[in-house]
Amino acid sequence: MSSTKSKNKIHLLILTGSVGVGKSSVAEAISNILSSKSIPNAIIDLDYLRHAHPEPQNDPFHMKLGYKNLASIWRNYEDIGITHLIIPNVVENKKELKEFKSAIPNADIHIIRLKADIKTIHDRLKRRDTGESLKWHLNRAIVLTKQLKSTKIEDLVVDTKNKFITTIAKEIIFKIGWL
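What counts, and at which threshold
- Residues numbered from 1 in each chain as written.
- Predicted model: local features only at pLDDT ≥ 70, side-chain atom pairs only at ≥ 80, totals over all residues.
- Heavy atoms only, no water.
- Helix = DSSP H or I, 4+ residues; strand = E, 2+ residues; numbered from the N terminus.
- Rg over C-alpha atoms; globule rule 2.2 N^0.38 Å.
- Buried < 20%, exposed > 50% of the residue type's maximum accessible area, 1.4 Å probe, protein only.
- Contact = heavy atoms within 4.5 Å.
- Areas by Shrake-Rupley, 256 points an atom, 1.4 Å probe, with all protein chains shown as cover.
- Lys, Arg positive; Asp, Glu negative; His and termini not counted.
- Charge placed at Lys NZ, Arg CZ, Asp CG, Glu CD.
- pLDDT = per-residue confidence, 0-100.
- Core = buried A, V, L, I, M, F, W, Y, C linked by side-chain atoms within 4.5 Å.
- Pairing = 2+ DSSP bridges.
- Salt bridge = Lys/Arg side-chain N within 4 Å of Asp/Glu carboxyl O.
- Axes fitted to C-alpha atoms, helices over the stretch in contact; angles between N-to-C directions.

(A) Region of interest: the overall build of the chain. Along its length, the chain carries seven helices and five strands. Going residue by residue from the N terminus, the α and β elements of the chain occur as β-α-β-α-α-β-α-β-α-α-β-α. On C-alpha atoms alone, the chain measures out to a radius of gyration of 16 Å, which is about the 16 Å that the 2.2 N^0.38 rule sets for 179 residues. Overall size of the chain, expressed as C-alpha extent along the three principal axes, is 45 × 40 × 30 Å. Here the chain holds 179 residues, and the buried ones make up 46% of them. In the chain, of all internal contacts separated by at least 6 residues, the share reaching a separation of at least 24 is 77%. As displayed, the chain offers around 10,100 Å² of accessible surface, 54% of which is attributable to carbon and sulfur atoms. Within the chain, the 19 negative side-chain charges are centred at a point lying 4 Å from the centre of the 29 positive side-chain charges.

What follows is the structure in structure tokens.
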């Protein structure tokens, strides 16, 4: 089936931030709010589109595979009329934005960086992970928190500390003008 909708503007929200900051939870809350208003939307978690072993040495997070898969499955969402797409994903540099634009043509992209202090993130990770996974995520959180603060690729920063997920979601939707 060839898409006839490809000329329509697509509203793309990329939620970036450290591991453990709440990207997936906030994405789900935003989707629920949009769904309650009958706005066609979908969440595509890039983590699952690139989860494969072995990872290439020059692409340890399998990002090339993720973007290739995103481009392929986006057409299916577009064909059913999705107009608002939410992608929780760590975006480490501006070069990655070109990949999103290539995978989702006609996208009006908003990048929101979710943040929290490292203690809050570590507490969340300790409730989620164990063993070597926990150790890796705790270290990765420190690296990403510093890195993302300095790269400033986002349109907006939203602090997630001591806020309900639905409050964060409503704040984002309001600030990007989706309702």
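(B) Examining the confidence of the model for the chain more closely. For the chain, the average pLDDT comes to 93, and 96% of its residues sit at 70 or higher. When the criterion is pLDDT under 50, residues 1-5 qualifies, and its contacts beyond four places in sequence or with other chains add up to seven contacts.

(C) Structural detail: the nonpolar core. The biggest cluster of nonpolar side chains holds 30 residues, and the ones touching the most others in it are Leu13, Leu15, Ile30 and Ile172. Sorting the residues of this core by element identifies strand S1 (10-16), helix H1 (23-36), strand S4 (107-115), helix H5 (118-128), helix H6 (131-151) and helix H7 (165-176) as the ones contributing at least two each. Among the elements that line this core, the one with the most residues is H1, at six residues. Core analysis: the next-biggest nonpolar cluster, separate from the first, contains 23 residues, Ala42, Trp74, Ile82 and Ala103 among them.

(D) How the structure looks around the pairing of S1. Taken across its seven residues, S1 has six buried, putting it largely inside the fold. Across seven bridges, the pairing between S1 and S4 is parallel. Within S4, the residue paired with Leu15 across the bridge is Ile112. Where S1 meets strand S3 (residues 84-88), five bridges bridge the pair, whose relative direction is parallel. Each residue of the ladder has a partner; that of Leu15, found in S3, is Pro88.

(E) Region of interest: unusual backbone geometry. In this structure, the amide linkage connecting His53 to the following residue, Pro54, adopts the cis form with an omega of 5°. Position of Pro54 relative to the elements: it lies in the loop between helix H2 (46-49) and helix H3 (63-79). A positive phi angle, close to 60°, is found at Ser38, a residue other than glycine. Considering the arrangement of structural elements, one finds Ser38 in the loop between H1 and strand S2 (41-43). Exposure remark for Ser38: the relative accessible area of 66% places this residue in the exposed category.

(F) Up close: the pattern of salt bridges. Per the stated rule, a full pass over the model turns up nine salt bridges. Among the salt bridges present, the one from Asp108 reaches Lys9, with a minimum N-O distance of 3.9 Å. Of this pair, Asp108 sits in strand S4 while Lys9 sits in the segment before S1; the two residues are 99 residues apart in sequence, bridging distant segments of the chain. With a shortest N-O distance of 3.0 Å, Glu171 and Lys163 are connected by a salt bridge.

(G) Focus on the sheet that holds S1. Taking strand neighbours across the sheet as the criterion, the five strands line up as S2-S3-S1-S4-S5 in an open arrangement whose pairing is parallel. In this open sheet, the two strands that pair with only one neighbour each are S2 and strand S5 (156-159). Averaged over all pairs of adjacent strands, the angle between strand axes in this sheet comes to 20°, irrespective of strand direction.

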